[in-house]
Amino acid sequence: MRTADARQSTRTAVVTGASSGIGAATARALARDGFEVFLTARRVDRLEAVAKEIRAEGGSAQVYPLDVTDREAVFAFAAQLPACDVLVNNAGGAYGTEHIEKTDPGDWRSMYEVNVIGALHMTQALLPALRNSGDGVVVVISSTASFTCYEGGGGYSAAKHGAHVLAETLRLEVCGEALRVIEIAPGMVHTEEFSLNRYRGDLNKADAVYAGVPDPLVAEDVADVVTWAVTRPPHVNIDLLVVRPRAQAAQHKVHRTT
């Protein structure tokens, strides 16, 4: 096990889904805080662009193309990783807004695979390294949809609730170990791809989600929260932190100016 001084000088963080949105912003934020960041996602070109930005600011970033739903690839990645202090399970996504009567089971399956099974793969593969760090931190990025259902959001809410259950159960199972499990549940976050993917590339529908909302959260807001949570003293665990824009009081209660 590394000493406290060694941890302080060599802390490393793995961020999944780091090619865009919250994942990319979190990688940048952690690098600014002194972490050596390992960026994973499927799109190599986007990962390289984020890593280039980090290095230009004086940070340290390594790129590893990875599909978190590929268990064999995840464990191969973990085997070559020199160390891991923080794992940010951010890879996820939402597909479709159809009501249950007409929804495509394939969309539900895809959401569950990436949001839940992907996080499970990464967590299982990296737990040995996280334990060895002496202060390992597992972060799960869930959603306020984990706790509140809404029309057209059944598959996404089910997947994010699964992510919430993963975090809550893991925290119980590792109690007494030098491990922390943190869940960050964002509300309305305006990123370049989330709603666009959900509405299958329909830009008008994607933009309508945020229309008239004064100052929705952006990826950097969530990244700031993640960085704060993982840098608390080792005895401090942020079990669950819900973060919404001021304009959003609940899933169905959003202030719009137009």
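All values reported here derive from a predicted model rather than from experimental measurement.

Rules of the game
Every residue gets a number counted from 1 within its own chain, in the order that chain's sequence is written. Per-residue local features are limited, in this predicted model, to residues with pLDDT of at least 70; the limit for side-chain atom pairs, both in listing and counting, is 80 or more; totals at the level of whole chains, interfaces and linings are taken over all residues. Side-chain numbers here rest on the full set of heavy atoms in the structure, without hydrogens or water. Secondary structure elements are taken from DSSP: a helix is a run of H or I of four residues or more, a strand is a run of E of two residues or more, and numbering for both begins at the N terminus. Restricting the calculation to C-alpha atoms gives the radius of gyration, and the globule rule supplies 2.2 Å times the number of residues raised to the power 0.38. The buried label applies to any residue whose accessible area, calculated with a 1.4 Å probe on protein chains only, is under 20% of its type's maximum; exposed applies above 50%, and partly exposed to all values in between. Note on contacts: a residue pair is in contact if any heavy atoms of the two residues lie within 4.5 Å. All accessible-area figures derive from a Shrake-Rupley calculation using a 1.4 Å probe, and residue coverage is judged against the displayed protein chains alone. Charge counting follows a simple rule: Lys and Arg are positive, Asp and Glu are negative, and His as well as the terminal groups are ignored. For charged residues, the charge sits on one atom: NZ in Lys, CZ in Arg, CG in Asp, CD in Glu. The pairing test for Phe, Tyr and Trp rings, Trp by its six-membered ring, is centres within 6.5 Å, and the orientation test on the planes gives stacked under 30 degrees, edge-to-face over 60, and tilted for anything in between. pLDDT gives the predictor's per-residue confidence on a scale running from 0 to 100. Computed over the protein atoms alone on a 1 Å grid, cavities are sets of points where a 1.4 Å probe fits but cannot get out and pockets are open sets with protein on both sides within 12 Å along at least five of seven lines; a residue lines them when it has an atom within 4 Å of a point. Grid points are joined across faces, edges and corners, and a volume is the space filled by probe spheres set on the points. Throughout, the ten residues Ala, Val, Leu, Ile, Met, Phe, Trp, Tyr, Cys and Pro are labelled nonpolar, Asp, Glu, Lys and Arg are labelled charged, and all others, Gly among them, are labelled polar. Under the rule applied, a polar contact is a pair of N or O atoms within 3.5 Å (in protein, one hydrogen donor and one hydrogen acceptor; residues adjacent in sequence only if both atoms are side-chain atoms). An arc is given here, and it is the one of the directions from the helix axis to the C-beta atoms.

## Looking at the overall build of the protein
Move 1: Within the protein, the secondary structure is distributed over 9 helices and 9 strands.
Move 2: Taken against the 2.2 N^0.38 rule, which gives 18 Å for 258 residues, the C-alpha radius of gyration of the protein at 18 Å falls within 12% of a compact globule.
Move 3: Viewed in the frame of its principal axes, the protein has a C-alpha envelope of about 55 × 35 × 35 Å.
Move 4: Expressed as a percentage of the 258 residues in the protein, the buried residues total 52%.
Move 5: Considering only intrachain contacts with a sequence separation of at least 6, the fraction spanning at least 24 residues in the protein is 73%.
Move 6: Of the roughly 12200 Å² that the protein leaves accessible, carbon and sulfur atoms contribute 52%.
Move 7: Here the protein carries 25 positive and 31 negative side-chain charges, and the mean point of each set is 2 Å from the other.

## Some points on the environment of Cys84
Move 1: Structurally, Cys84 is set in the loop between α4 (71–80) and β4 (86–89).
Move 2: Distance in space between the C-alpha atoms of Cys84 and Ala13 is 6.0 Å, their sequence separation being 71 residues.

## Brief notes about the packing of aromatic side chains
Move 1: All told, the structure shown has 2 aromatic pairs when counted by the stated rule.
Move 2: Between Phe38 and Tyr64 the ring centres are 5.9 Å apart and the planes differ by 35 degrees, which places this aromatic pair in the tilted class. Here the residue Phe38 occupies a position in strand β2 (residues 36–41), and Tyr64 occupies one in strand β3 (residues 60–65), the gap between them amounting to 26 residues. In this pair, the class of Phe38 matches that of Tyr64, namely buried.
Move 3: Their ring planes at 65 degrees and their centres at 5.1 Å tell us that Tyr64 and Phe77 sit as a pair that is edge-to-face. Taken together, the positions of Tyr64 in strand β3 and Phe77 in helix α4 put the pair 13 residues apart, joining distant regions of the chain.
Move 4: Accessibility expressed as a relative area gives 18% for Tyr64, which makes it buried.
Move 5: Here Phe77 falls in the buried class, since its relative accessible area comes to 3%.
Move 6: Chaining the aromatic ring pairs together yields one cluster made of Phe38, Tyr64 and Phe77.

## Things to note about the confidence of the model for the protein
Move 1: Here the protein shows a mean pLDDT of 92. Residues at 70 or above account for 93%.
Move 2: Every residue in residues 1–8 is under pLDDT 50, and counting partners more than four places away or in other chains gives 15 contacts.

## Looking at empty space enclosed by the protein
Move 1: For the coordinates displayed, the defined rule picks out 1 cavity of 30 Å³ or more.
Move 2: Here the largest cavity is characterised by a volume of approximately 60 Å³.
Move 3: Forming the boundary of the largest cavity are 14 residues, of which Asn89, Asn90, Ala91, Asn115 and Ala119 lie nearest the centre.
Move 4: For the lining of the largest cavity, the secondary structure elements donating two or more residues are α5 (105–133), β5 (136–141) and α6 (154–173).
Move 5: It is α5 that provides the largest number of residues to the lining of the largest cavity, a total of 5 residues.
Move 6: Of the residues belonging to the lining of the largest cavity, the class tally is 8 nonpolar, 5 polar and 1 charged.

## Points about the environment of Asn237
Move 1: With respect to the secondary-structure elements, Asn237 resides in the loop between α9 (219–230) and β7 (240–243).
Move 2: Taking relative accessible area as the criterion, Asn237 reaches 26% and is therefore assigned partly exposed.
Move 3: Expressed as a C-alpha distance, the spacing of Asn237 and Glu183, which sit 54 residues apart in the sequence, is 9.9 Å.
Move 4: Setting aside residues no more than four positions away along its own chain, Asn237 makes contact with Arg171, Arg180, Val181 and Ile182.
Move 5: A distance of 2.7 Å separates a polar atom in the side chain of Asn237 from a polar atom in the side chain of Asp239.

## Brief notes about α4
Move 1: All of the buried residues along α4 are Val74, Phe77 and Ala78. Taken down its axis, α4 places every buried residue within 100 degrees of arc, on the same side. Relative to its buried face, α4 has exposed residues pointing more than 90 degrees away, namely Glu72 and Ala79.
Move 2: On its buried face, α4 sits against β1 (12–16), β2, β3 and α5.
Move 3: Capping the start of α4, Asp70 holds a side-chain oxygen 3.3 Å from the backbone nitrogen of Glu72, two or three residues further along.

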